[in-house]
Amino acid sequence: MIELVQGDITEQRVDVVVNAANSSLLGGSGVDGAIHRKGGPEILAECRALRAGQYGGGLKVGHAVATTAGRLPARWVVHTVGPVYSTEEDRSGLLADCYRNSLRVATELGAETVAFPAISTGVYRWPMASAAEIALRAVLDHHPLRTVRFVLFSSAAHDTFAAAWREISGGAGL
Ligand code: APR
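Calculation notes
- Residues numbered from 1 in each chain as written.
- Predicted model: local features only at pLDDT ≥ 70, side-chain atom pairs only at ≥ 80, totals over all residues.
- Heavy atoms only, no water.
- Buried < 20%, exposed > 50% of the residue type's maximum accessible area, 1.4 Å probe, protein only.
- Helix = DSSP H or I, 4+ residues; strand = E, 2+ residues; numbered from the N terminus.
- Pairing = 2+ DSSP bridges.
- Near = heavy atom within 4 Å.
- Polar contact = N/O pair within 3.5 Å; in protein donor to acceptor, adjacent residues only side chain to side chain.
- Areas by Shrake-Rupley, 256 points an atom, 1.4 Å probe, with all protein chains shown as cover.
- 1 Å grid on protein atoms, 1.4 Å probe; cavity = no way out; pocket = protein on both sides within 12 Å on 5 of 7 lines; lining within 4 Å.
- Sits in = over half its atoms within 2 Å of the grid points.
- Nonpolar A, V, L, I, M, F, W, Y, C, P; charged D, E, K, R; others polar.
- Axes fitted to C-alpha atoms, helices over the stretch in contact; angles between N-to-C directions.
- Contact = heavy atoms within 4.5 Å.
- UniProt positions renumbered as here; feature names shortened; annotations may be inferred.
- Parallel < 35°, antiparallel > 145°, perpendicular 65-115°, else oblique.
- Left-handed = near helix turned anticlockwise from the far one by under 90°.

Describing the pairing of strand β6 (residues 147-152)
Line of reasoning, step 1. Judged by how many residues are buried, β6 sits mostly within the fold: six of six residues are covered.
Line of reasoning, step 2. What you see with β6 is no split at all: Thr147, Arg149 and Val151 on one side and Val148, Phe150 and Leu152 on the other are buried throughout.
Line of reasoning, step 3. Sheet analysis places strand β1 (residues 2-6) next to β6, joined by five bridges and oriented parallel. What sits directly across from Leu4, in β6, is Phe150.
Line of reasoning, step 4. One ladder, built from four bridges, connects strand β5 (residues 113-116) with β6; its direction is parallel. Paired with Ala115 across the strands is Arg149, a residue of β6.

If you want it as structure tokens, here you go:
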């Protein structure tokens, strides 16, 4: 089942919250800042351990890795690195990989419910309508979980995702 909600991803009571991280895995602003701020230092401690281990070079764009969710009402955070929007290069495959790989990692964890932000649509400047279509198609194609919830931070973002959903699903409601 796919859900669109307007709200704060750090408040979602789900198994997995997906973080719009950067390659350093060491925090940032936006979703990344909110998750680390509310989730607490345990999340950063695990991110640092990942950097000291197999992610010495950082997390690649489109890839995903899980840590504890710390104090968030979730069991895990899956960190993924979205592509920065480019008008010269089509990076839509990398953006779709963020959703596909996050779902794969969530499934491997045994998660049944996953909350996604609108990856790359903030600091990384990806236009919302394009990002919504890529996200919804990626999830529709690789949707082995009980619930995938898109958590949109504004009513405008929510409306854009809803319009993209109507386009993709041929008008079906969610
Ligand atoms: N809950 C849900 N959505 C949120 C929240 C929140 N608490 N905070 C921000 N957003 C929305 C933004 O409005 C935007 O639509 O999440 C979307 C993604 O924005 P960013 O968090 O800026 O992520 P992104 O565009 O992928 O850029 C990633 O920003 O924070 C840094 O460390 C991060 O370098 C990385 C870059």
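Quick notes on the site of the ligand
Line of reasoning, step 1. The full set close to the ligand counts 22 residues, and Asn22, Ser29, Asp32, Thr121 and Gly122 are the nearest of them.
Line of reasoning, step 2. Between Asp8 and the ligand, the recorded distance is 3.1 Å, taken from a side-chain N or O atom to a nitrogen atom.
Line of reasoning, step 3. Separating an oxygen atom of the ligand from a backbone N or O atom of Ser120 is a distance of 2.9 Å.
Line of reasoning, step 4. Protein contact buries 89% of the 700 Å² of open area that the ligand shows by itself.
Line of reasoning, step 5. The cavity where the ligand resides is the largest pocket.
Line of reasoning, step 6. Those elements that provide at least two residues to the shell around the ligand are β2 (14-21) and α1 (30-39).
Line of reasoning, step 7. Of the residues forming the shell around the ligand, the biggest block, four residues, is contributed by α1.
Line of reasoning, step 8. In terms of residue class, the shell around the ligand is built from eleven nonpolar, nine polar and two charged.

Some details on the sheet that holds strand β3 (residues 64-68)
Line of reasoning, step 1. Ordered in space as β1-β6-β5-β2-β4-β3, the six strands form an open sheet in which the pairing is mixed. The sheet is open, and its two borders are formed by β1 and β3, each paired with just one other strand. Neighbour-to-neighbour, the strand axes of this sheet turn through a mean angle of 25°, independent of strand direction.
Line of reasoning, step 2. Packed onto the sheet, helix α5 (residues 155-169) meets β1 and β6 and runs at close to 155° relative to β1.

As for the UniProt feature "domain: Macro" (unreviewed entry) in the protein chain
Line of reasoning, step 1. Per the UniProt record, "domain: Macro" (unreviewed entry) is found at residues 1-169.
Line of reasoning, step 2. With 41% helix and 21% strand, the stretch residues 1-169 has end C-alpha atoms that lie 13 Å from each other.

Side note on unusual backbone geometry
Line of reasoning, step 1. Non-glycine residue Leu25 carries a positive phi angle of around 65°.
Line of reasoning, step 2. When its relative accessible area of 1% is taken as the criterion, Leu25 is described as buried.
Line of reasoning, step 3. The phi angle at Arg125 is positive, at roughly 65°, despite the residue not being glycine.
Line of reasoning, step 4. Positionally, Arg125 belongs in the loop between β5 and α4 (128-141).

Details of the packing of helix α3 (residues 92-109) against α4
Line of reasoning, step 1. The contact between α3 and α4 brings their axes to 9 Å, and the two run at 40°. Considered as vectors, α3 and α4 are oriented oblique to each other. Between α3 and α4 lies a crossing whose hand is right-handed. Within the contact between the two elements, α3 uses Ser92, Leu95, Ala96, Tyr99 and Leu103 and α4 uses Ala131, Ile134, Ala135, Ala138 and Val139.
Line of reasoning, step 2. Residues belonging to the contact of α3 with α4 are distributed by class as follows: nine nonpolar, one polar and no charged.

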